[in-house]
Amino acid sequence: MNDIFQIGGKALTSRLFIGTGKYNRNTLIPEVITASGAEVITVALRRVNPEWGEENILQHIPGSMTLLPNTSGARTAEEAIRIARLAKAADMGNWIKLEVIKDQRYLLPDNIETIRATEVLAAEGFVVLPYMTPDLGAALRLRDAGAAAVMPLGSPIGSNRGLRTKELVGIMIEEVDLPVIVDAGIGRPSEAAEAMEMGAAAVLLNTAIATARDPLGMAAAFRNAVTAGRLAYLSGLGPVQQEAAASSPLTGFLSQ
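Residues numbered from 1 in each chain as written. Predicted model: local features only at pLDDT ≥ 70, side-chain atom pairs only at ≥ 80, totals over all residues. Heavy atoms only, no water.

*Asks:* Explain the side chain of asparagine 70 here, please?
*Replies:* Along the chain, the position of asparagine 70 falls in strand β5 (residues 66–70). Within the structure, the side chain of asparagine 70 is placed 3.0 Å from the backbone nitrogen of serine 72, a separation counted as a polar contact. Those residues in contact with asparagine 70 that lie beyond four places of it in its chain are Thr42, Val43, Ala44, Leu45, Ile83, Lys97 and Glu99. (Helix = DSSP H or I, 4+ residues; strand = E, 2+ residues; numbered from the N terminus. Polar contact = N/O pair within 3.5 Å; in protein donor to acceptor, adjacent residues only side chain to side chain. Contact = heavy atoms within 4.5 Å.)

Structure follows, in structure tokens:
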């Protein structure tokens, strides 16, 4: 299925974005990338240090991948802006997954601080993909602030609890004229397919693959699920009805 979409002027064919956290050994990451078919990968700046050698996460990411450094650890707009600038100075490109989180129990994004940081970073030329708590008003403000996409959570990050915010995400897909990338909480391939069937532009996940018994098999499963969900959306899902409707005529046969 040739279904190219664009973010920040970059054409992408894979609608599955993946992360780099929670792997027991960094050398597994190239195999996961291949199995997933992903073209965009998130990286926490704190895992990048040229002096670490093999422990430097960038040593295990193919140069063909689009890096999406994140501002993990930022609790204010100012901290997120500083981390983003450091990532760019470290030659990690101008894409940034903007995370501003004050809540340390459920790790829910602070939408107000995220909007503030988006305004500054977008004005500086960053391709800003803000991680956000699903909210239509906040999404529209992020759009107006210059975000290249919006990334609402499906459920708390790392929880594998699935698409608990389905109704709110669905409203954003309908009303926000930006790519909506469902990020965080998706634990099963069926949940990724569901997000794509709704019309999400992509899904980003890490924990579901990294904590699976067979990460490579799970990466392939998510790859297929995202493709299937997208094809279902493009094909147009059939209507949902309260009563039964026979799939074959109840009277007549062949000649009638």
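*Asks:* Before we go on, may I ask you to explain the pattern of salt bridges in this structure?
*Replies:* Where side chains of opposite charge bring their charged atoms close, a pairing between them can arise. Going through the model one piece at a time under the given rule, you end up with eleven salt bridges. The salt bridge involving arginine 116 is made with glutamate 113; its shortest N-O contact spans 3.0 Å. Linking arginine 116 with glutamate 113, this pair stays in helix α3 (residues 111–123), spanning three residues, or about one helical turn. Looking at arginine 116, the relative accessible area reads 35%, which means it is partly exposed. Lysine 166 is the partner of glutamate 194 in a salt bridge, and the nearest nitrogen-oxygen pair spans 2.8 Å. Linking glutamate 194 in helix α6 (residues 189–198) with lysine 166 in helix α5 (residues 166–175), this pair joins segments that are 28 residues apart in sequence. Assessed through its relative accessible area of 26%, glutamate 194 is described here as partly exposed. On the basis of relative accessible area, lysine 166 is assigned to the partly exposed category, the value being 34%. Overlapping salt bridges, with partners in common, bring together Asp3, Arg15 and Arg230 in one network. (Salt bridge = Lys/Arg side-chain N within 4 Å of Asp/Glu carboxyl O. Buried < 20%, exposed > 50% of the residue type's maximum accessible area, 1.4 Å probe, protein only.)

*Asks:* How should I be thinking about unusual backbone geometry in this particular structure?
*Replies:* In most cases, non-glycine residues show a negative phi, while peptide bonds are predominantly trans. Of note in the backbone geometry, aspartate 91 takes a positive phi value of approximately 65° without being a glycine. Within the secondary structure, aspartate 91 sits in the loop between α2 (77–89) and β6 (95–98). Judged by its relative accessible area of 70%, aspartate 91 falls in the exposed class. Residue alanine 184 is not a glycine yet carries a positive backbone phi of 85°. Positionally, alanine 184 belongs in the loop between β9 (181–183) and α6.

*Asks:* Please explain the pairing of β5 as it appears in this structure.
*Replies:* The buried count for β5 comes to five of five residues, which makes it a mostly enclosed element. Because side chains alternate across β5, one face comprises the buried residues Thr66, Leu68 and Asn70, and the other comprises Leu67 and Pro69, equally buried. Here five bridges tie strand β4 (residues 40–44) to β5, and the two strands are oriented parallel to one another. Looking at the pairing, valine 40 lines up with threonine 66 of β5. (Pairing = 2+ DSSP bridges.)

*Asks:* I keep staring at the side chain of threonine 20 and nothing clicks. Help me out?
*Replies:* Structurally, the position occupied by threonine 20 is in the loop between β3 (16–18) and α1 (29–36). A distance of 2.9 Å separates a polar side-chain atom of threonine 20 from the backbone oxygen of threonine 42.

*Asks:* Help me understand the environment of aspartate 144, please; the structure alone is not making it clear to me.
*Replies:* Turning to its location among the elements, aspartate 144 is positioned in helix α4 (residues 136–145). Considered as a pair, aspartate 144 and isoleucine 115 are 29 residues apart in the sequence and their alpha carbons are 9.3 Å apart.

*Asks:* For this particular structure, what's the right way to read the pairing of β4?
*Replies:* On any regular strand, side chains alternate: one points to one face of the sheet, the next to the other face. The element β4 is largely enclosed, with a buried count of five among its five residues. With burial as the criterion, each face of β4 is covered, one bearing Val40, Thr42 and Ala44 and the other bearing Ile41 and Val43.

Don't take any of this as a statement about function, it's just geometry.
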